[in-house]
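# Survey of secondary and tertiary structure
Listed here are the chains, written in short residue letters.
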Amino acid sequence: MSIENRIEATAKNIEGKIQEVVGEITGNPNDKAEGKAKQAEARVRHGVENLKDEVKKAID
């Protein structure tokens, strides 16, 4: 488990949420879509870290 990777993923998720809200407020569909994409990327990063944790537990 890499704490740094989890922190980066959480930061990316927050950044995406903010960008999505800004897109909704301003009516900019590109910002909204980019925000959702960043949130999806963060979910993938968290999933990778969870998988790493599970593999490590199985090996130990």
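Residues numbered from 1 in each chain as written. Predicted model: local features only at pLDDT ≥ 70, side-chain atom pairs only at ≥ 80, totals over all residues. Heavy atoms only, no water.

- Looking at an unreviewed UniProt entry, one finds the protein named CsbD-like domain-containing protein and attributed to Scytonema hofmannii PCC 7110.
- Regarding the protein, the relevant UniProt record gives this comment under Sequence similarities (unreviewed entry): "Belongs to the UPF0337 (CsbD) family." (UniProt positions renumbered as here; feature names shortened; annotations may be inferred.)

### Comments concerning the pattern of salt bridges
- Across all of its chains, the model carries 7 salt bridges by this definition.
- The salt bridge partner of K36 is E20, with a shortest N-O separation of 4.0 Å. Placement of the pair is K36 in helix α2 (residues 29-59) and E20 in helix α1 (residues 3-26), with a sequence separation of 16 residues.
- Judged by relative accessible area, which is 15%, E20 ranks as buried. (Salt bridge = Lys/Arg side-chain N within 4 Å of Asp/Glu carboxyl O. Helix = DSSP H or I, 4+ residues; strand = E, 2+ residues; numbered from the N terminus. Buried < 20%, exposed > 50% of the residue type's maximum accessible area, 1.4 Å probe, protein only.)

### A closer look at the UniProt feature "domain: CsbD-like" (unreviewed entry) in the protein
- In the UniProt entry, the feature "domain: CsbD-like" (unreviewed entry) is given for residues 5-57.
- Annotated as residues 5-57, this span is 96% helix and 0% strand, and its ends, taken at the C-alpha atoms, are 18 Å apart.

### A word on α2
- Over its 31 residues, α2 extends 45 Å from the first C-alpha to the last, a length consistent with the 45 Å expected when each residue adds 1.5 Å.
- Taken residue by residue, α2 has G35, K38, Q39, A42, E49 and D53 as its buried positions.
- For α2, the elements touching its buried residues are α1.
- By the N-cap criterion, in which a side-chain oxygen at the helix start approaches the backbone nitrogen of a residue two or three places on, α2 is capped by N28, the distance to N30 being 2.9 Å. (Expected span 1.5 Å × (residues − 1). Contact = heavy atoms within 4.5 Å. Polar contact = N/O pair within 3.5 Å; in protein donor to acceptor, adjacent residues only side chain to side chain.)

### A closer look at the packing of α1 against α2
- The N-to-C vectors of α1 and α2 enclose an angle of 160°; their axes lie 7 Å apart at closest approach. In terms of orientation, α1 lies roughly antiparallel with respect to α2. Two packed elements cross with a definite hand, and for α1 against α2 that hand is left-handed.
- Taken together, the residues of the contact of α1 with α2 sort by class into 3 nonpolar, 10 polar and 17 charged. (Axes fitted to C-alpha atoms, helices over the stretch in contact; angles between N-to-C directions. Parallel < 35°, antiparallel > 145°, perpendicular 65-115°, else oblique. Left-handed = near helix turned anticlockwise from the far one by under 90°. Nonpolar A, V, L, I, M, F, W, Y, C, P; charged D, E, K, R; others polar.)

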